[in-house]
Amino acid sequence: MQPSFNSCIKVAVRLRPKSTKEEAEKEEPVIVVDGSNIQLLTSIGETHFFTCDQCFSSDSISAVAQNKHQQQREVYEYFAKPLLSQAFQGFNTCLFAYGQTGSGKSYSMMGKIGSKSELADASGIIPRFCQDFFIHVEDLVKNYAETSVSLSIEIQISYFEIYKEQIQDLLCSTGGNLSVREHPKNGPYVVNLTKCLVTSLEEVQRWLAVGNRKRVVASTSQNKRSSRSHVIFTIVLSQRFQEIIDGRPHVVDKHSRINFIDLAGSERLASTSSTGVRREESLAINLSLFTLGKVITALAEKNFAPYRESVLTWLLKESLGGNSKTAMLATVSPRAAHVESTLSTLRYSCLVQVGSLIYL
Ligand SMILES: Nc1ncnc2c1ncn2[C@@H]1O[C@H](COP(=O)(O)OP(=O)(O)OP(=O)(O)O)[C@@H](O)[C@H]1O
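Just so it is clear, the model here is predicted, and its values are computed rather than measured.

The rules behind these values
Residues numbered from 1 in each chain as written. Predicted model: local features only at pLDDT ≥ 70, side-chain atom pairs only at ≥ 80, totals over all residues. Near = placed C-beta within 6 Å. Helix = DSSP H or I, 4+ residues; strand = E, 2+ residues; numbered from the N terminus. Nonpolar A, V, L, I, M, F, W, Y, C, P; charged D, E, K, R; others polar. Pairing = 2+ DSSP bridges. Axes fitted to C-alpha atoms, helices over the stretch in contact; angles between N-to-C directions. UniProt positions renumbered as here; feature names shortened; annotations may be inferred. Buried ≥ 20, exposed ≤ 12 C-beta atoms within 10 Å, placed from the backbone. Core = buried A, V, L, I, M, F, W, Y, C linked by C-beta atoms within 7 Å. Expected span 1.5 Å × (residues − 1). Parallel < 35°, antiparallel > 145°, perpendicular 65-115°, else oblique. Left-handed = near helix turned anticlockwise from the far one by under 90°. Contact = placed C-beta atoms within 7 Å. pLDDT = per-residue confidence, 0-100.

Contacts to the ligand come from 16 residues, most closely from Gly104, Lys105, Ser106, Tyr107 and Ser227. Secondary-structure elements contributing two or more residues to the shell around the ligand are α2 (61-66) and α4 (105-109). Counting residues per element, the shell around the ligand draws most heavily on α4, which supplies three residues. Considered class by class, the residues forming the shell around the ligand number four nonpolar, ten polar and two charged.

Right, dumping it as structure tokens:
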């Protein structure tokens, strides 16, 4: 069966640079990036070829330092910035980071948040997106102030993680094990999830810092849980355009959800051989990552999408289907020891892109 190309999903691959320690090891390269093509050499001498929409790589950490993390800006500009105008047009969007633990998902998504309203060079996609988001809001308000249309904008954010199919609120100190329900009109939602109304970048930065601190605490107390949970930061944008035409009010509403998802470490996808809590975690991750692939594939082929098979896809139902825009950043490590995980990340991401994951 010929897989159809899903033009709604954009896939980019980011090869993390070697750390200083890895550089000193002087390993033969196992992954070669050339434009949007990738060659991967496995330990048994097989070469695998992949093509995606765009690749980002820099040879070494010193090259990155010289560029003052310029690549963070490039990744954002190419990969996330186009979603900004789509969100203001009323599209729902999802941006995923997928890859094994330590391959650079959090560095790409969050990086380091700048002080006050300044962006640090190493800021990732989320803080850069939020900064441009508020610049866009300001411009829009200014532009409409000179017209007969009155514009009101409401922005809400939420931040939570899904760990073993259970939801933890990252913006509230209690907030454990929240449940999911489905509203007949608005779709699935998390019951009692904190939703913060925000009006400025500074407020978003403060809330992000609250959520990131809670992630670190949970991660330290539960042996690096970060790599075993999916983390979702959502912006809900509501725009109302009102105009009096022939003495009658005309109202146009645009609602959009922008989701940034830092997925659990993909190396868990195969490791169901562990026992106890680790086994439960691996099963939950397998279920959600595999269902995510199935849903994206089903949407590409206009088939029934099994959203409810995992909490992650159920909650993203309204954001993945319909006219939504999806982007996936596959992060990979340059190490020979990680080549099998890299192969599985590239297979997953590139096959999700062509909508053929189901035929694996
Ligand atoms: N593109 C990059 N440039 C410079 N440093 C990077 C890059 N990608 C990752 N790193 C560094 O590599 C380390 C691991 O990255 P990161 O924590 O983002 O991985 P991760 O995939 O999110 O891992 P986990 O799943 O455990 O959370 C960090 O020290 C990070 O600063």
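There is more to say, and it comes next.
Another point: the pairing of strand β3 (residues 37-41). Relative to β3, strand β2 (residues 31-34) is paired through four bridges, and the arrangement is antiparallel. Residue pairing in the sheet places Ile31 in a bridge with Leu40 of β3. Hairpin geometry of β2 and β3 is characterised by an intervening segment of two residues between the two adjacent antiparallel strands and by a positive phi of about 60° at Gly35. Relative to strand β4 (residues 47-51), β3 is paired through five bridges, and the arrangement is antiparallel. Directly across from Asn37, in β4, lies its bridge partner Thr51. In textbook terms, the turn of a hairpin is the stretch between consecutive antiparallel strands, and for β3 and β4 this stretch comprises five residues, one of which, Gly45, has a positive phi near 85°.

Now for the environment of Ser43. For Ser43, the location among the structural elements is in the loop between β3 and β4. Sequence spacing of Ser43 and Ala337 is 294 residues, and the spatial spacing of their C-alpha atoms is 8.7 Å.

On to the pairing of strand β9 (residues 180-183). Where β9 and strand β10 (residues 187-190) come together, four bridges link them in antiparallel fashion. Looking at the pairing, Val180 lines up with Val190 of β10. Connecting the antiparallel pair β9 and β10 is a turn made up of three residues.

Attention shifts here to the sheet that holds β4. Ordered by their spatial adjacency, three strands build an open sheet running β2-β3-β4, and the pairing between neighbours is antiparallel. In this open sheet, the two edge strands, each paired with only one partner strand, are β2 and β4. Direction aside, neighbouring strands of the sheet carry axes that sit 15° apart on average.

In this section: the UniProt feature "binding site: ATP" (unreviewed entry) in the protein. Mapped onto the present numbering, the UniProt feature "binding site: ATP" (unreviewed entry) falls on Gly99, Gln100, Thr101, Gly102, Ser103, Gly104, Lys105 and Ser106. Topologically, Gln100 is positioned in the loop between β6 (93-99) and α4. Following the sequence through the fold, Thr101 ends up in the loop between β6 and α4. Look at Thr101 and you get partly exposed, because 18 C-beta atoms sit within 10 Å.

Right, let's get into unusual backbone geometry. The residue Lys164 is not glycine, and still its phi comes out positive at about 50°. Within the secondary structure layout, Lys164 lies in the loop between β7 (150-163) and β8 (166-169). We note that Glu165 has phi near 65°; this positive angle belongs to a residue other than glycine. Here Glu165 shows up in the loop between β7 and β8.

What follows covers the nonpolar core. Counting 73 residues, the largest nonpolar core has Leu95, Phe96 and Ile125 as the members making the most contacts within it. At eight residues, the largest contribution of residues to this core is made by helix α7 (residues 276-300).

The terminal C-alpha atoms of helix α5 (residues 125-145), which comprises 21 residues, lie 30 Å apart, in line with the 30 Å expected from a rise of 1.5 Å per residue. Those residues of α5 that sit buried are Ile125, Ile126, Pro127, Arg128, Phe129 and Cys130.

This part takes up the environment of Ile9. Assignment of secondary structure puts Ile9 in strand β1 (residues 9-15). C-beta crowding within 10 Å serves as the criterion here: with 23 such atoms nearby, Ile9 is assigned to the buried category.

On the secondary structure map, Pro82 appears in helix α3 (residues 70-88). Assessed through the 14 C-beta atoms surrounding it within 10 Å, Pro82 is described here as partly exposed. Considered as a pair, Pro82 and Lys325 are 243 residues apart in the sequence and their alpha carbons are 9.9 Å apart.

Close contact between α3 and α5 brings their axes to 10 Å; oriented N to C, the two are set at 40°. Considering the angle they form, α3 stands oblique to α5. Judged by the sense of rotation from one axis to the other, the crossing of α3 with α5 is right-handed. Residue-level inspection shows Val75, Tyr76, Ala80, Lys81, Leu84 and Phe88 of α3 in contact with α5, the latter providing Ile125, Arg128, Phe129, Asp132, Phe133 and His136. Residue classes in the contact of α3 with α5 are distributed as eight nonpolar, one polar and three charged.

As a further point, take the confidence of the model for the protein. Counting all residues, the mean pLDDT for the protein is 85, and 84% of those residues have values of 70 or more. Looking at the elements of the protein, mean pLDDT is at its lowest for α2, recorded as 57, and at its highest for strand β11 (residues 196-198), recorded as 98. Per-residue pLDDT stays below 50 along residues 1-6; that stretch engages in 14 contacts with residues further than four places along the chain or on separate chains. Confidence over residues 356-360 falls short of pLDDT 50; this stretch has 14 contacts with residues more than four positions distant or in other chains. If you check the scores for this complex, the pTM reads 0.90 and the ipTM reads 0.98.

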